[in-house]
Amino acid sequence: MGDGAVNIIRLVIDLYATVLLVRLLLQLVQADFFNPISQTIFKVTAPVVETLHKIFPTFGRFNTAALISAILVKWSFFIIMIGFEKVLVEQLPTYLFVAALSLLASLIQIYFYGILILAISSWVGTTNHPTVRVISQIIDPYMKPFRKVIPPIGMIDISPMVAIFTLMFIRGQVLPVLSNLI
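Residues numbered from 1 in each chain as written. Predicted model: local features only at pLDDT ≥ 70, side-chain atom pairs only at ≥ 80, totals over all residues. Heavy atoms only, no water.

Thoughts on the overall build of the protein
- In terms of helices and strands, the protein carries six helices and two strands.
- Listing each helix as α and each strand as β along the protein from the N terminus yields α-α-β-β-α-α-α-α.
- Taken over the C-alpha atoms alone, the protein extends approximately 60 × 35 × 35 Å along its principal axes.
- In the protein, 63% of the contacts between residues at least 6 apart in sequence involve partners at least 24 apart.
- Surface exposure of the protein reaches about 10,900 Å², of which carbon and sulfur atoms provide 70%.
- Within the protein, the 8 negative side-chain charges are centred at a point lying 9 Å from the centre of the 12 positive side-chain charges. (Helix = DSSP H or I, 4+ residues; strand = E, 2+ residues; numbered from the N terminus. Contact = heavy atoms within 4.5 Å. Areas by Shrake-Rupley, 256 points an atom, 1.4 Å probe, with all protein chains shown as cover. Lys, Arg positive; Asp, Glu negative; His and termini not counted. Charge placed at Lys NZ, Arg CZ, Asp CG, Glu CD.)

Right, dumping it as structure tokens:
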């Protein structure tokens, strides 16, 4: 099977793992469950998360079953690659850490694009849209420390830029160091 099929498999797995990660964030920030976006995410991820929830409990608002399922879904890509003879069975434990690190990169992307969506929606004036409200609920806990430290300059709030630069620094400097440890 060619690289095109491998890329499609990777895309589907990455998308589902990202949706699982968003579910974790929705529960962590206690986002509006009655929002149609939240309900869809919970319904799509329920078969995997509810199965693992019997083994991995929720601590407060932190759903360990959602986190473990996201890591396992990312890791399943490498298990599938054994069938394509692109990964050796002996390498699977190492790829579990690669999957967790890849999930951290996905988390950075969620916050990065979430901040961009919120900035654009504030310019356009669509802050009451259900999607924007859910994104805002997820992003606000990350943005809160930046808004406390960096006050608005007149009508301009530069804290989203600093938050994005922080994410870019983590993605460009910290993630490569962590990946070199593996």
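What about the pattern of salt bridges?
- The tally for this structure, following the rule as stated, stands at four salt bridges.
- For lysine 74, the salt bridge goes to aspartate 14, with nearest N and O atoms at 3.1 Å. With lysine 74 in helix α3 (residues 64–83) and aspartate 14 in helix α1 (residues 3–28), the pair connects residues that are 60 residues apart, well separated along the chain.
- A residue is classified by how much of its surface remains accessible, and lysine 74, at 5% relative accessible area, is buried. (Salt bridge = Lys/Arg side-chain N within 4 Å of Asp/Glu carboxyl O. Buried < 20%, exposed > 50% of the residue type's maximum accessible area, 1.4 Å probe, protein only.)

A short note on the side chain of serine 121
- Within the secondary structure, serine 121 is located in helix α4 (residues 92–124).
- Within the structure, serine 121 has its side chain in polar contact with the backbone oxygen of leucine 118 (distance 2.9 Å).
- The residues touching serine 121, leaving out its near neighbours within four places in the chain, are Thr126, Thr127 and Val132. (Polar contact = N/O pair within 3.5 Å; in protein donor to acceptor, adjacent residues only side chain to side chain.)

As for the nonpolar core
- Leu26, Tyr111, Ile115, Ile138, Ile139, Tyr142 and Leu167 are the most contacted members of the largest nonpolar core, which totals 46 residues.
- For this core, the leading source of residues is α4, giving 10 residues.
- When near neighbours in sequence (up to four residues on either side) are disregarded, isoleucine 115 contacts Ile139, Tyr142, Met143, Pro160, Ala163, Ile164 and Leu167. (Core = buried A, V, L, I, M, F, W, Y, C linked by side-chain atoms within 4.5 Å.)

Side note on the packing of aromatic side chains
- Scanning the model with the defined rule gives seven aromatic pairs in all.
- Residues phenylalanine 33 and phenylalanine 34 carry aromatic rings whose centres are separated by 5.9 Å and whose planes lie at 70 degrees to one another, so their mutual orientation is edge-to-face.
- Overall, the relative accessible area of 68% leaves phenylalanine 34 in the exposed class.
- Ring plane angle 85 degrees and centroid distance 5.2 Å describe the contact between phenylalanine 112 and tyrosine 113, whose orientation is recorded as edge-to-face.
- The structure contains a cluster of three or more aromatic residues connected by ring pairs, namely Phe33, Phe34 and Phe42. (Phe/Tyr/Trp six-rings, centres within 6.5 Å; stacked < 30°, edge-to-face > 60°.)

Quick word on a nonpolar patch on the surface
- A contiguous nonpolar surface patch, about 650 Å² in accessible area, is contributed by Tyr113, Leu116, Ile117, Ile120, Trp123 and Val124.
- Exposure remark for isoleucine 117: the relative accessible area of 38% places this residue in the partly exposed category. (Patch = residues over 30% accessible without salt bridge, like charges linked within 9 Å, V, L, I, M, F, W, Y side chains within 5 Å.)

Details of the packing of α4 against helix α5 (residues 130–149)
- Axis separation between α4 and α5 bottoms out at 9 Å; the angle between their running directions is 115 degrees. The handedness of the crossing between α4 and α5 is left-handed. Taking contact as the criterion, the partners of Ile110, Tyr111, Gly114, Ile115, Ile117, Leu118 and Ser121 in α4 are, on α5, Val132, Ile135, Ser136, Ile138, Ile139, Tyr142 and Met143.
- Its residues assigned to classes, the contact of α4 with α5 comprises 11 nonpolar, three polar and no charged. (Axes fitted to C-alpha atoms, helices over the stretch in contact; angles between N-to-C directions. Left-handed = near helix turned anticlockwise from the far one by under 90°. Nonpolar A, V, L, I, M, F, W, Y, C, P; charged D, E, K, R; others polar.)

A few points about helix α6 (residues 159–181)
- Counted at 1.5 Å a residue, the expected span for α6 with its 23 residues is 33 Å, and the 32 Å between its end C-alpha atoms agrees.
- Along α6, the sharpest change in direction is near 30 degrees and occurs at valine 174; proline proline 176 comes one to four residues later.
- Among the residues of α6, Ser159, Pro160, Ala163, Ile164, Leu167 and Leu175 are the ones counted as buried.
- For α6, the secondary structure elements touched by its buried residues are α4 and α5. (Expected span 1.5 Å × (residues − 1). Bend = angle between axes of the 7 residues up to and from the residue.)

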